[in-house]
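If you want the building blocks of each chain, they are given just below.
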Amino acid sequence: MSGRYSFHTLDVFTDTLFGGNPLAVLPDARGLSTEQMQSITREFNLSETVFVLPPDDPSHTRRVRIFTPGRELPFAGHPTVGTAFLLAATGMIPLAEGDTNIVLEEGVGPVAVTIRVENGAPVSAELTAAQPPEFRSDVPSVQDLAALLCLNESDLSTGEFGAEAVSCGVPFLVVPLASRDAVSRARLDRATFERVLSGTWAREIFLFDVSAATNGSTIRSRMFAPDLGIGEDPATGSAAVCLAGYLAKRSRDDATLRWTVAQGVEMGRPSVLMISAERKNRIVDSVRVAGKSVLVSEGVLRVG
């Protein structure tokens, strides 16, 4: 369909302009085809673009479709958090002081989001993953992971805190590294990537500093997703909830566990993601990620 479509851009998981992870949102995408949505996403050339539609279930707030330059995703964190913030900040949904709860329909199912409101304005948003973490242990060897990341084998953590594939809707290869320095030094070798991860379940790679992974700490992380058209991502909520599940699985406590994730530092776009997990009867019951957002721009997109 041809026409004019309004859009907004935001920086997500930051309270500072030109930090965090940029996001484009079309708040009324009715009439656009899947092919047009993919073309628009490539035009913005951000890690994700969101297309907002009326909900299928009238009790829900909106339906959203999330695209990377490479393909559509069933779920993603920074698009969910950013879209919720945009709808709240632009008056597209009613707000209640304190917490406003909404539901966004995504490919994984309904995603609950809580928007924190102070003095009538949104401050942050927190999503609860629609799916509890799924874990798989079929991951590359330490030798292959070291080659993949251009690191020494001693830079990788092993044993209880070894690499694991985790999904809360989108699978990630969660790779614990021994230090913050190792996280900063990591580089993705594309030839090894194709050799080692071809045909595997989790091809998006999420690195983190396991030495800082105690409850309540701040953890440095990075994410590489060449299959999605994303060389490196400044902030990845869908990976961060996987990390929450990974860490909670290894906790000794049945409790609410919390961490802060610092991502995008090496890219010059520092991001802050607040993650948490509920562990009950030794099972990770739910995982969440929260963060702030900043409105950056708005305009009109011409679609021929």
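I will try to describe carefully the structure that is included in this document.

All right, on to the pairing of strand β11 (residues 171-177) then. Within β11, seven of the seven residues are buried, leaving the element largely enclosed by the surrounding structure. Here β11 shows no split at all, with Pro171, Leu173, Val175 and Leu177 on one side and Phe172, Val174 and Pro176 on the other all buried. Pairing of strand β10 (residues 164-167) with β11, which is carried by four bridges, proceeds in the antiparallel orientation. Within the sheet, the bridge partner assigned to Glu164 lies in β11 and is Val174. In sequence, β10 turns back onto β11 through a hairpin of three residues, with Gly169 there showing a positive phi of about 135°. Looking at chain direction, β11 and strand β12 (residues 204-209) are connected through six bridges and run parallel. Paired with Leu173 across the strands is Ile205, a residue of β12.

Looking now at the environment of Cys150. Structurally, Cys150 is set in the loop between α3 (142-148) and β10. Separated by 108 residues in the primary sequence, Cys150 and Arg42 place their C-alpha atoms 29 Å from one another. Contact partners of Cys150, with chain neighbours within four places excluded, come to Arg187 and Asp189.

Turning to the nonpolar core, a few remarks are in order. Core analysis: the largest hydrophobic core is formed by 62 residues, its most contacted members being Phe208, Leu243 and Trp259. With nine residues, the single largest contributor to this core is helix α6 (residues 237-249). Excluding residues within four positions of it along the chain, Phe208 makes contact with Val174, Val175, Pro176, Leu177, Val183, Ala213, Ile219, Arg220, Ser221, Leu243, Tyr246 and Leu247. Formed by 20 residues, the second largest nonpolar core is a distinct cluster that contains Leu149, Leu173, Val196 and Leu207.

Here is what the cut-offs are and how they apply
Residues numbered from 1 in each chain as written. Predicted model: local features only at pLDDT ≥ 70, side-chain atom pairs only at ≥ 80, totals over all residues. Heavy atoms only, no water. Buried < 20%, exposed > 50% of the residue type's maximum accessible area, 1.4 Å probe, protein only. Helix = DSSP H or I, 4+ residues; strand = E, 2+ residues; numbered from the N terminus. Pairing = 2+ DSSP bridges. Contact = heavy atoms within 4.5 Å. Core = buried A, V, L, I, M, F, W, Y, C linked by side-chain atoms within 4.5 Å.

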